[in-house]
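Below, each chain spelled out in residue letters.
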Amino acid sequence: MIQTIIKSITLEEFLEWYPDGKRRFELRNGVIVEINQNGEHEEVTGFLIRKINVEIDRLNLPYVTPSTYFLRPPETTTGYQPDLIVLDKPALISEPLWKKSSVISQGSSVKLVVEVVSTNWQNDYLVKVAEYERLGIPEYWVVDYAALGDRRFIGNPKQPAVSIYQLVDGEYQVSQFREGDRIISSAFGELNLTVEQIFSSIT
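Residues numbered from 1 in each chain as written. Predicted model: local features only at pLDDT ≥ 70, side-chain atom pairs only at ≥ 80, totals over all residues. Heavy atoms only, no water.

Undergrad: Can you tell me about the packing of aromatic side chains, naming the residues and giving the values?
TA: On inspection of all chains with the given rule, the structure shows 15 aromatic pairs. Geometrically, the ring pair formed by phenylalanine 14 and phenylalanine 70 is edge-to-face, given 5.2 Å between the ring centres and 80° between the ring planes. With a gap of 56 residues between them, phenylalanine 14 in helix 1 (residues 11-17) and phenylalanine 70 in strand 5 (residues 70-71) connect regions that are remote in the sequence. Overall, the relative accessible area of 0% leaves phenylalanine 14 in the buried class. Seen in terms of ring centroids, tryptophan 17 and phenylalanine 25 are 5.0 Å apart; in terms of plane orientation they differ by 80°. Their pairing is edge-to-face. (Phe/Tyr/Trp six-rings, centres within 6.5 Å; stacked < 30°, edge-to-face > 60°. Helix = DSSP H or I, 4+ residues; strand = E, 2+ residues; numbered from the N terminus. Buried < 20%, exposed > 50% of the residue type's maximum accessible area, 1.4 Å probe, protein only.)

Undergrad: Can you explain the environment of isoleucine 56? Please cite residues and give values.
TA: Positionally, isoleucine 56 belongs in helix 2 (residues 39-59). The spatial distance from the C-alpha of isoleucine 56 to the C-alpha of valine 86 is 9.5 Å, given a sequence separation of 30 residues.

Undergrad: Tell me what's going on with the confidence of the model for the protein chain, and back it up with residues and numbers.
TA: Chain-level pLDDT for the protein chain is 91 on average; 97% of the residues reach the 70-or-more range. Ranking the helices and strands of the protein chain by mean pLDDT puts strand 4 (residues 63-64) first, with 98, and strand 1 (residues 3-5) last, with 53. (pLDDT = per-residue confidence, 0-100.)

Undergrad: Describe the pattern of salt bridges, with residues and values.
TA: Per the stated rule, a full pass over the model turns up 9 salt bridges. For arginine 28, the salt bridge goes to glutamate 26, with nearest N and O atoms at 2.8 Å. Given a relative accessible area of 16%, arginine 28 falls into the buried group. The closest approach of N and O atoms between glutamate 26 and lysine 128, which form a salt bridge, is 3.4 Å. One end of the pair, glutamate 26, is in strand 2 (residues 24-28); the other, lysine 128, is in helix 4 (residues 121-135), with 102 residues separating them in the sequence. For lysine 128, a relative accessible area of 3% corresponds to the buried category. Through salt bridges that share partners, Glu26, Arg28, Glu115 and Lys128 make up one connected network. (Salt bridge = Lys/Arg side-chain N within 4 Å of Asp/Glu carboxyl O.)

Here it is as structure tokens:
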């Protein structure tokens, strides 16, 4: 369950407030939101982080997958913390808040964002799609292992799926993958990974 602290603040105030420890928070339109994930969510997230990092190492790519960071859409009091982000290290020199606060504000610094769907699926399928598109993030995965999303997003009957949004001429085009489908990624064109492998990572 997500708990909110109702008080409108700036991202700078949020970063100053952010506590040490294992609890995770995001800032959404000036409101602090605590993110509580279940074990299955963390298993899927951990599996994807491991697979992506193996691919980065294998190809010796100049990418980094930080554990602490915030993604700031332009002209907002919002700071998202996606489940996985892949950053282009050479591009970070143009990020004004990266060294000080681990804040990303330019889509050109990002190669891939992944969100593993929780009970607040509307954020992943509706809000964040629009924000990430506006930021110019080239690729965004929505990993819905429990088929929580609405039927308009994952089909009828509902079934687990990975939706991949790729930026084409400034707009996202979505492709959907299920069961034994191999993930087709622009960011990682040689990635040998199926939807079944992702979802079978759950104990």
